[in-house]
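# Examining the three-dimensional arrangement
Here's the letter readout for the chains.
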Amino acid sequence: MPTNKVQEFNDYRSVMNDKILSGDNKVIKRIFNLDTNAFKEGHLPVKTKELLGLVASTVLRCDDCIAYHLETCYKEGVSKEEVMETLSIATLVGGTIVIPHLRRAYEFWEALENNS
């Protein structure tokens, strides 16, 4: 039975976020809150913000962040073509060192498509 990448990612993220946020660290709680609020609808639509987050996360080579933004993009109705164009810009900006993250991003997007 194949593993469910999306479910594993979300389960781990949820458990660890709960553990981290159960502490009394105001700075960490405020950073989490700022991150949540930054990606809400504003002058830019959520879809645009998530695509921007995807580029930044890819350039910074954060696979967890890439997966998070890919899943939110998927939920926001972003097409595969839009994701690939966004990832092409990220790869251009980030350089060839980003290619392994591009591969994992593509794989995670396929997992999202297969779960629907």
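Residues numbered from 1 in each chain as written. Predicted model: local features only at pLDDT ≥ 70, side-chain atom pairs only at ≥ 80, totals over all residues. Heavy atoms only, no water.

## A look at helix α5 (residues 80-94)
- An ideal rise of 1.5 Å per residue puts 21 Å on 15 residues; α5 measures up with 20 Å between its terminal C-alpha atoms.
- Directly after α5, the chain includes Gly-95, whose backbone phi takes a positive value near 90°. (Helix = DSSP H or I, 4+ residues; strand = E, 2+ residues; numbered from the N terminus. Expected span 1.5 Å × (residues − 1).)

## Section: the nonpolar core
- Counting residues in each nonpolar core, the largest one holds 16 residues, and the members touching the most others are Leu-54, Leu-70, Val-83, Phe-108, Trp-109 and Leu-112.
- For this core, the secondary structure elements donating two or more residues are α1 (5-21), α3 (46-59), α4 (63-75), α5 and α6 (99-115).
- Ranked by residues supplied to this core, first place goes to α6 with 5 residues.
- Sequence-distant contacts of Leu-54, that is, excluding residues within four places in its chain, are made with Ile-66, His-69, Leu-70, Val-83, Thr-86 and Leu-87. (Core = buried A, V, L, I, M, F, W, Y, C linked by side-chain atoms within 4.5 Å. Buried < 20%, exposed > 50% of the residue type's maximum accessible area, 1.4 Å probe, protein only. Contact = heavy atoms within 4.5 Å.)

## Some details on the side chain of His-69
- Mapped onto the elements of the fold, His-69 is located in helix α4.
- Beyond its immediate sequence surroundings of up to four residues, His-69 is in contact with Phe-39, Glu-50, Gly-53, Leu-54 and Ser-57.

## Quick look at the layout of surface pockets
- Approximately 660 Å³ is the volume found for the largest pocket.
- When residues of the lining of the largest pocket are traced back to their parent elements, those giving at least two are α1, α2 (26-38), α3 and α4.
- Here the lining of the largest pocket gets 6 residues from one element, more than from any other, and that element is α1.
- In terms of residue class, the lining of the largest pocket is built from 13 nonpolar, 6 polar and 5 charged.
- Taken as a whole, the second largest pocket spans an internal volume of roughly 240 Å³.
- Lining the second largest pocket are 13 residues, and of these Lys-5, Asp-63, Ala-67, Arg-104 and Phe-108 lie nearest its centre. (1 Å grid on protein atoms, 1.4 Å probe; cavity = no way out; pocket = protein on both sides within 12 Å on 5 of 7 lines; lining within 4 Å. Points joined across faces, edges and corners; volume = space filled by probe spheres on them. Nonpolar A, V, L, I, M, F, W, Y, C, P; charged D, E, K, R; others polar.)

## Observations regarding the packing of aromatic side chains
- Evaluation of the coordinates by the stated rule reveals 2 aromatic pairs.
- Here Phe-9 and Phe-108 contribute two aromatic rings whose centre-to-centre distance is 5.8 Å and whose plane-to-plane angle is 75°, an arrangement assigned as edge-to-face. Highlighted residues: Phe-9 in helix α1 and Phe-108 in helix α6, separated in sequence by 99 residues.
- Relative accessible area serves as the criterion here: at 13%, Phe-9 is assigned to the buried category.
- Between Tyr-74 and Trp-109, the ring centres sit 5.4 Å apart and the planes meet at 75°, which makes this aromatic pair edge-to-face. (Phe/Tyr/Trp six-rings, centres within 6.5 Å; stacked < 30°, edge-to-face > 60°.)

## Observations concerning the environment of Val-93
- For Val-93, the position within the fold is in helix α5.
- Put simply, Val-93 and Thr-48 are 45 residues apart on the chain and 18 Å apart in space, counted from C-alpha to C-alpha.

Nothing here speaks to function; it is all geometry.
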